[in-house]
Protein chains: 2
Amino acid sequence: MVFDEARFHELLIERFGAPASPGVELGIGDDGAILRSDEPFVIAKDASFDGVDFVASECGARAAGRKALAKNLSDLAAMGVRPWCALVTVGFPDGATEVDASALLDGLAEAAGPFDLAIVGGDTKRSPTGLLLDVTVLGLPGVRPPVRRSGARVGDILVVTGPLGGSIGGHHLTFTPRVEAGLRLNEDGHARAMIDLSDGLSSDLHRLCAASGVGASIDGAAVPVRAGANLEGALRDGEDYELLCALPPESVAAMIDQRVAVRVGTVVAAAEGVTITTGEGCRPIDDAGFRHRFGGAG
Amino acid sequence: MVFDEARFHELLIERFGAPASPGVELGIGDDGAILRSDEPFVIAKDASFDGVDFVASECGARAAGRKALAKNLSDLAAMGVRPWCALVTVGFPDGATEVDASALLDGLAEAAGPFDLAIVGGDTKRSPTGLLLDVTVLGLPGVRPPVRRSGARVGDILVVTGPLGGSIGGHHLTFTPRVEAGLRLNEDGHARAMIDLSDGLSSDLHRLCAASGVGASIDGAAVPVRAGANLEGALRDGEDYELLCALPPESVAAMIDQRVAVRVGTVVAAAEGVTITTGEGCRPIDDAGFRHRFGGAG
């Protein structure tokens, strides 16, 4: 039997086509899906390419599929909302088989984890190179609206949900998106601003501060560092997929006591800049995390 | 100046970041966008890869960007809804420049045409090969709900919105998505079922019939054929991006008189199959349009 887009479509529908997802009026199989939400919803979109985000010949299609979806769920986590549904583009390399497709779907299912995530659409096609994945996710807020990057205020406390640095050693393929933590930080912690640490604390902290019009003072000794990494890696490596969150001071103790997050610093005035204090003193944090570069200015 | 994802982000926001789009509570620049719709909305997602959907070295980034978005708008057209907003993934090859990026954005703008389409998110990254594009579009219904593939009834009239076949000669890069026609067929024509002709009339007619549980009888002499193509090409070539629509008999005359579409056949019982009648008699139409194939069954 030839493995083609029609067969992948069948496999996808078997696995993800019809969970009991409220608001999905029409799922996969038409020109578009029809969705309904009575309240504002969140949408995000993130691609994962063989040779850029994973090496399929080493990690396999399952890990690739898992990462492609998990990165997107991390964006929903950063908005403090619950996963609702997804659309998935798969570009299969020549020679891909049903075994590869099953592994990919296993990886998507593993990333979806406890969430009844309907896959309501997408695209299946031939890739001109290795495996190409692109996922769009939608999320629904619970009792509180989505959390933006822009709400941090001077005096807020900065927390992160887990250890940072050295993700390339394996964590970038195996991380669990912090959906539950994001919901807790939003609903119980009344998070003022939140972002997921995809490009490294140094870059993502700058983004949160820029969006909020504030500065930050990080306590170097408080930054949780992954085993095998160091503080510099925690600042720069990226792909941690933990959450960085600005909490109002009154809700910090509960979030820390309940092990949702650990304290790493304080929101300060923009004029004070973005700094880190270590045993060697206080220095600016460069915006030095990962950024895709293509070429000259043309 | 280095051309990187941050610079492309700036260029994108300059061009598409802040149109006056109702329902866009938070646009591009956060982990996710926040959207609101009081009524059900349509979402679709379609990728376009260099070497599969276009040849960037021949057509340039502008035509590539135009096609990537136009294909998606064609899916909204097929649901009879109005474009609302989009999320765009761009994988830039090594050596891409700001000139390429500007051309790409010109192409997106050209496809967006008269619609105030907000680009509310997406992903910008390095491609392991040529230009890689993936677009997610959202659409909002007007006075009538979205049109599915599944509503055709025996006795409905089948119409198409323009000539078919030979798209590879250039039409696949220059087509105008039939958004206005789709809205007219839905709102004035009370379309019962609709699909866009992306993989060829032969395949897409089978899809509409399968979804609706009906058959179809096509009048070969009535199928509009693009100059330079023949009837066989009109059935099989694909990438026409015209609409195929099943109309209730009472609304056909108005749609034809107003040149929204032309009549090509009739919806019949499923047991009669999917057939075409030409001067040589009546024969089945094979489901023989374009389908991406990858390899063996593994």
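Residues numbered from 1 in each chain as written. Chains lettered and ligands numbered in written order. Predicted model: local features only at pLDDT ≥ 70, side-chain atom pairs only at ≥ 80, totals over all residues.

Chemist: Tell me about the pairing of strand E8 (residues 157–160) of chain A, and please be specific about residues and values.
Modeler: All names here are of chain A. Of the two faces of E8, the one holding Ile-157 and Val-159 and the one holding Leu-158 and Val-160 are both buried throughout. As defined by bridge partners, E8 adjoins strand E11 (residues 243–247) across 4 bridges and the pair is classed as antiparallel. Along E11, the bridge assignment pairs Val-159 with Cys-245. (Buried ≥ 20, exposed ≤ 12 C-beta atoms within 10 Å, placed from the backbone. Helix = DSSP H or I, 4+ residues; strand = E, 2+ residues; numbered from the N terminus. Pairing = 2+ DSSP bridges.)

Chemist: Lay out the sheet that holds strand E2 (residues 24–26) of chain A with the relevant residues and their values.
Modeler: With mixed pairing, 6 strands are arranged side by side in an open sheet as E2(A)-E3(A)-E4(B)-E7(B)-E5(B)-E6(B). The open sheet has two edge strands, E2 of chain A together with strand E6 (118–126) of chain B, and neither has a second partner. With strand direction ignored, the average angle separating the axes of adjacent strands in the sheet is 25 degrees. Pairing analysis gives 9 bridges linking strand E5 (residues 82–92) of chain B to strand E7 (residues 132–140) of chain B, with the strands arranged antiparallel. What sits directly across from B:Val90, in E7(B), is B:Leu133. (Axes fitted to C-alpha atoms, helices over the stretch in contact; angles between N-to-C directions.)

Chemist: Now, about the interface of chain A and chain B: what can you tell me, with residues and values included?
Modeler: Between chain A and chain B, the residue contacts involve 69 residues of the former and 69 residues of the latter. With 8 residues, the top contributor of residues to the side of chain A that touches chain B is strand E4 (residues 41–49) of chain A. When the residues that make up the side of chain A that touches chain B are grouped by side-chain class, the tally is 29 nonpolar, 18 polar and 22 charged. Strand direction decides the pairing type here: strand E3 (residues 33–35) of chain A and strand E4 (residues 41–49) of chain B, joined by 3 bridges, are antiparallel. What sits directly across from A:Leu35, in E4(B), is B:Phe41. (Contact = placed C-beta atoms within 7 Å. Nonpolar A, V, L, I, M, F, W, Y, C, P; charged D, E, K, R; others polar.)

Chemist: I'd like a rundown of the sheet that holds strand E14 (residues 281–284) of chain A, residues and numbers included.
Modeler: Backbone-to-backbone hydrogen bonds pair the strands of a sheet. The strands run either parallel or antiparallel. Residue and element names in this part refer to chain A. Sheet architecture is open: 7 strands sit in the order E9-E11-E8-E12-E10-E13-E14, paired in mixed fashion. The open sheet has two free edges, formed respectively by strand E9 (193–196) and E14, since each of these has just one partner strand. Geometrically, the sheet is characterised by an average inter-axis angle of 25 degrees between neighbouring strands, direction not taken into account. Sheet contacts for helix H2 (residues 56–78): E9 and E11; angle to E9, the most-contacted strand, approximately 170 degrees. Strand contacts of helix H5 (residues 179–187): E9 and E11, with the helix running at about 10 degrees to E11, the strand carrying the most contacts.

Chemist: Hey, could you go over the domain arrangement of chain A for me, with residue numbers and the actual values?
Modeler: Residue and element names in this part refer to chain A. Its domain assignment divides chain A into domain 1 (5–140) and domain 2 (157–284). If you average the C-alpha positions of domain 1 and of domain 2, the two centres end up 28 Å apart. Of the residues lining the interface, 15 residues belong to domain 1; the matching set on domain 2 comes to 17 residues. Put simply, the parts of the chain that give the side of domain 1 that touches domain 2 at least two residues each are H2 and strand E5 (82–92). (Domains from an automatic or database assignment.)

Chemist: I'd like to hear about the relation of the copies chain A and chain B, residue by residue, with values.
Modeler: For the pair chain A and chain B, the best superposition has an RMSD of 0.0 Å and corresponds to a rotation of 180 degrees with a translation of 0.0 Å parallel to the axis. Such values leave the two copies arranged in the relation of a two-fold axis. Interface residue correspondence from chain A to chain B reaches 100%, placing this contact among same-surface, isologous pairings. (Least-squares fit on C-alpha atoms with pLDDT ≥ 70 in both.)

Chemist: Describe the environment of A:Asp38, and please don't skip the residues or the numbers.
Modeler: All names here are of chain A. Here Asp-38 shows up in the loop between E3 and E4. Among the residues examined, Asp-38 registers 10 C-beta atoms within 10 Å and is labelled exposed. Note: C-alpha distance between Asp-38 and Leu-140 (102 residues apart in sequence) is 9.8 Å.

Chemist: Please set out the pairing of strand E9 (residues 193–196) of chain B residue by residue, giving values where relevant.
Modeler: Residues and elements named next belong to chain B. Here E9 shows a buried face lined by Ala-193 and Ile-195 and a second buried face lined by Met-194 and Asp-196. Here E9 runs beside strand E11 (residues 243–247); their pairing, made up of 4 bridges, is antiparallel. Counted as the bridge partner of Met-194 is Cys-245 from E11.

Chemist: For helix H6 (residues 201–212) of chain A, give the residues involved together with the corresponding values.
Modeler: Residue and element names in this part refer to chain A. A rise of 1.5 Å per residue sets the reference length of H6, with its 12 residues, at 16 Å; its end C-alpha atoms lie 16 Å apart and thus fit the reference within 8%. The buried fraction of H6 is high, at 9 of 12 residues. Of the residues making up H6, those classed as buried are Leu-201, Ser-202, Ser-203, Asp-204, Leu-205, His-206, Leu-208, Cys-209 and Ser-212. In the core, the buried residues of H6 are packed alongside E9, strand E10 (214–219), helix H7 (231–236), E11 and strand E13 (274–278). Phi for Gly-213, located one or two positions after H6, is positive at around 65 degrees. (Expected span 1.5 Å × (residues − 1).)

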